[in-house]
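In case you want the letters, here they are:
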Amino acid sequence: MADPRFFDRLGPLALNEIAALSGAAISDSAPGSDRVDTVAPISEARPGVLCYLENAKLLRAHPDIRLDDVVVFAPPALAEELAGRGAKVLTHDQPRAAFGRAAAALYRLKPFPVDHAIAPDADIAASAVIGHGVVIGAGARIGENVVIGPGSSIGPGCRIGSGSYLGPRTVILCADLGENCNILSGAVIGETGFGAAVSDAGLVDMPHLGVVEIAASVTIGANSCVDRGQFGATTIGEGTKIDNLCHIGHNCRVGRNVAMAAFAGVSGSCVIEDDVMFGGRVGLQDHITIGKGARIGGNSALAESVPAGETWMGDPAQPLRQYLRQVSEVRRLAKRGDRKTKKKD
């Protein structure tokens, strides 16, 4: 469920209304007058929750799973099996897109204040320093000795831990920041992640109803971005240092004391364990894990997980010794080619 500190609930909606919004058809298992007011991934589904299922992988992996009174967008081919497991099925050939349209009608990001730059109910410590032009939303909490640079925006419900510094024009949304964090100029924490579902009418933005949780003593560099989760949290562990112009995608879990040089890009749902180090301009494919203490060389592109303690490099990235052997062999072959060319000349 979306955190009420950050999101307004717009529902409930009847299944008839959801079907009309999404273009789905109501199956015999789903009474049109039934109502839902919350959403979740199907792995966390419970009665009365709206979710979606794109294929049968989950059902095959968990043959005994029950979905009693869970409302599920699913392809027509799965309707009968899902109904047999107790679900109320809304059928659609593109269930993820249908879910995205419906979820957007059930929740809304809490707005910034209209009549005040700083909401009257924001809890701001007397020792905090608030720069010119700062906007602070309703229910936000600003701790002792916090410094917020000019032109920054702190969204409704956000918490900024004591001793933290926010540079000019930072944006904090849907986020909980620990003590003594440094968020440098232009950084954006907690904005919606990148998620789009394919539909016949074009791409559909997927609502991101999660949060960002940043532990103590974290640095986020200038113009870097940390996206909030689609469901649940994007997390950054204590003592982690992220350089300028980096991006952390939705639902990533970054551990403690991670060092990440400039231009790193981490796709959604990656896990970066404690004490990992990235060189500059490292890129990660989604849903991979970088093991504890691993080292990733600059300009590397990773499409698979890296075991703990290993050093990888290259595009595609591979263990360092293997990468260096390949580079050496390419150079040897290039020199041989040069010699043959000179002999012909």
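Every value quoted in this text rests on a predicted model; they were computed, and no experiment measured them.

Explain the overall build of the protein chain here, please?
Helix and strand content of the protein chain: five helices and 40 strands. In terms of principal-axis extent, the alpha carbons of the protein chain reach across some 80 × 60 × 35 Å. Here the protein chain holds 345 residues, and 47% of them are scored as buried. Long-range contacts, defined as pairs at least 24 residues apart, comprise 27% of the intrachain contacts of the protein chain with a sequence gap of at least 6. With an accessible surface of roughly 16,300 Å², the protein chain has 52% of that area assigned to carbon and sulfur atoms. Computed over 34 positive and 37 negative side-chain charges, the inter-centroid distance for the protein chain is 12 Å.

Even after reading the chapter, I still don't get the nonpolar core, so can you show me in this structure?
Soluble, globular proteins show a tendency: their nonpolar side chains are buried together. Leu50, Phe278 and Ile290 are the most contacted members of the largest nonpolar core, which totals 78 residues. Elements represented by at least two residues in this core include exactly α1 (15-22), β6 (49-52), β7 (71-74), α4 (95-104), β19 (175-177) and β24 (211-214). When residues of this core are assigned to their parent elements, the largest contribution, five residues, is made by α4. Excluding residues within four positions of it along the chain, phenylalanine 278 makes contact with Ala259, Met260, Ala261, Ala264, Val266, Ile272, Leu284, Ile290 and Ile296. Of all hydrophobic cores here, the second largest spans 14 residues; its members include Ala56, Val70, Val72 and Leu78.

Looking at this model, I keep getting lost on the sheet that holds strand β37 (residues 295-296). Mind explaining?
The pairing of strands in a sheet happens through backbone hydrogen bonds and is either parallel or antiparallel. Within the open sheet, the 11 strands sit side by side as β11-β14-β17-β20-β25-β28-β31-β34-β37-β39-β40. Their pairing is mixed. Each edge of the sheet is formed by a strand with only one pairing partner; in this case those strands are β11 (129-130) and β40 (317-319). Examined bridge by bridge, strand β20 (residues 182-183) and strand β25 (residues 219-220) share two bridges and lie parallel to one another. Looking at the pairing, isoleucine 183 lines up with isoleucine 220 of β25.

Looking at this model, I keep getting lost on the environment of aspartate 37. Mind explaining?
Considering the arrangement of structural elements, one finds aspartate 37 in the loop between β4 (35-36) and β5 (38-39). For aspartate 37, a relative accessible area of 26% puts it in the partly exposed group. For aspartate 37 and glycine 11, which are 26 residues apart along the polypeptide, the C-alpha to C-alpha distance reads 4.9 Å. Apart from residues lying up to four places away in sequence, aspartate 37 is in contact with Arg9, Gly11, Pro12, Gly48, Leu106 and Tyr107. Here the side chain of aspartate 37 touches arginine 9 through a polar contact of 3.0 Å, side chain to side chain.

When you look at a nonpolar patch on the surface in this model, what are you seeing that I'm missing?
On the surface, a cluster of nonpolar side chains totalling about 220 Å² of accessible area is made up of Val129, Val147 and Tyr165. Tracing the backbone through its elements, the reader meets tyrosine 165 in strand β17 (residues 165-166). Classification of tyrosine 165 by relative accessible area gives partly exposed; the value is 32%.

What is the right way to look at the packing of aromatic side chains in this model?
Centre-to-centre distance and the angle between the planes together describe a pair of aromatic rings. Taken as a whole and judged by the stated rule, the model has two aromatic pairs. Arranged with centres 5.0 Å apart and planes meeting at 45°, the rings of tyrosine 52 and phenylalanine 99 form a pair that is tilted. Linking tyrosine 52 in strand β6 with phenylalanine 99 in helix α4, this pair joins segments that are 47 residues apart in sequence. Phenylalanine 99 matches tyrosine 52 in its accessibility class, with the two residues each being buried. By way of ring pairs, the aromatic residues Tyr52, Phe99 and Phe231 are connected into one cluster.

Whenever I open this one, the state of the cysteines confuses me. Can you help?
Cysteine pairs can be linked by a disulfide, which is a covalent bond between their two sulfur atoms. Overall, the coordinates contain zero disulfides when judged by the stated rule. Cysteine 246 carries a free sulfur, and the closest cysteine sulfur to it, the one in cysteine 225, is 10 Å from it. Of the cysteine sulfurs around cysteine 252, a residue in no disulfide, the closest is that of cysteine 270, at 5.0 Å.

Help me understand the pattern of salt bridges in this model?
For side chains bearing opposite charge, pairing can occur when the charged atoms are close. According to the stated counting rule, one finds 16 salt bridges in the structure shown. For aspartate 8, the salt bridge is made with arginine 108, and the minimal N-O distance between the two is 3.5 Å. Taken together, the positions of aspartate 8 in strand β1 (residues 7-9) and arginine 108 in strand β9 (residues 107-109) put the pair 100 residues apart, joining distant regions of the chain. Classification of aspartate 8 as buried rests on a relative accessible area of 19%.

I tried to follow α4 on my own but got confused; where do I start?
One turn of the α-helix equals 3.6 residues, which is why residues spaced by three or four share an orientation. Within α4, eight of the 10 residues are buried, which leaves it mostly tucked inside the rest of the structure. What α4 keeps buried is the set Pro95, Arg96, Ala97, Ala98, Phe99, Gly100, Ala102 and Ala103.

Would you take a moment to explain unusual backbone geometry for this structure?
Most peptide bonds adopt trans geometry, and most residues besides glycine take a negative phi value. Between glycine 11 and the following residue, proline 12, the backbone shows a cis peptide bond with an omega angle of 10°. Considering the arrangement of structural elements, one finds proline 12 in the loop between β1 and β2 (13-14). Residue proline 316 is reached from aspartate 315 by a cis peptide bond, and omega for that bond is 0°. Checked against the element boundaries, proline 316 lands in the loop between β39 (311-314) and β40. Here the phi dihedral of asparagine 299 falls at roughly 65°; this positive angle occurs in a residue that is not glycine. Position of asparagine 299 relative to the elements: it lies in the loop between β37 and β38 (301-302).

Calculation rules
Per chain, the residues get numbers from 1 upward, laid out in the order the sequence is written. Local features are withheld for residues below a pLDDT of 70 in this predicted model, meaning they are given only at 70 or higher, and side-chain atom pairs are given and counted only at 80 or more; totals for whole chains, interfaces and linings count all residues. Hydrogens and water molecules were not included; the side-chain quantities draw on all heavy atoms of the structure. Helix numbers and strand numbers start at the N terminus; a helix is a DSSP run of H or I with at least 4 residues, a strand a run of E with at least 2. Only protein chains enter the calculation, and the probe is 1.4 Å; a residue is then buried if its accessible area is under 20% of its type maximum, exposed if over 50%, and partly exposed in between. Contacts are assigned to residue pairs that have any heavy atoms within 4.5 Å of one another. Only the protein chains shown count as cover for residues, and all accessible areas are computed by the Shrake-Rupley method using a 1.4 Å probe. Lys and Arg are tallied as positive, Asp and Glu as negative. Neither His nor the chain termini are counted. For charged residues, the charge sits on one atom: NZ in Lys, CZ in Arg, CG in Asp, CD in Glu. In this description, a nonpolar core means a group of buried Ala, Val, Leu, Ile, Met, Phe, Trp, Tyr and Cys residues linked to one another through side-chain atoms lying within 4.5 Å. At least two bridges found by DSSP between two strands is the condition for calling them paired. Whenever two N or O atoms come within 3.5 Å, that pair is a polar contact, provided that in protein one can donate a hydrogen and the other can accept it, and provided that, for residues adjacent in sequence, both atoms are side-chain atoms. Two joining distances apply to patches: 9 Å for like charges and 5 Å for nonpolar side chains (Val, Leu, Ile, Met, Phe, Trp, Tyr), and every residue must have over 30% relative accessible area and no salt bridge. A carboxyl oxygen of Asp or Glu within 4 Å of a side-chain nitrogen of Lys or Arg is what we treat as a salt bridge. When two rings of Phe, Tyr or Trp (its six-membered ring) have centres within 6.5 Å they constitute a pair, described as stacked for plane angles under 30 degrees, edge-to-face for angles over 60, and tilted for the intermediate range. Disulfides are defined in this document as cysteine sulfur pairs within 2.5 Å.

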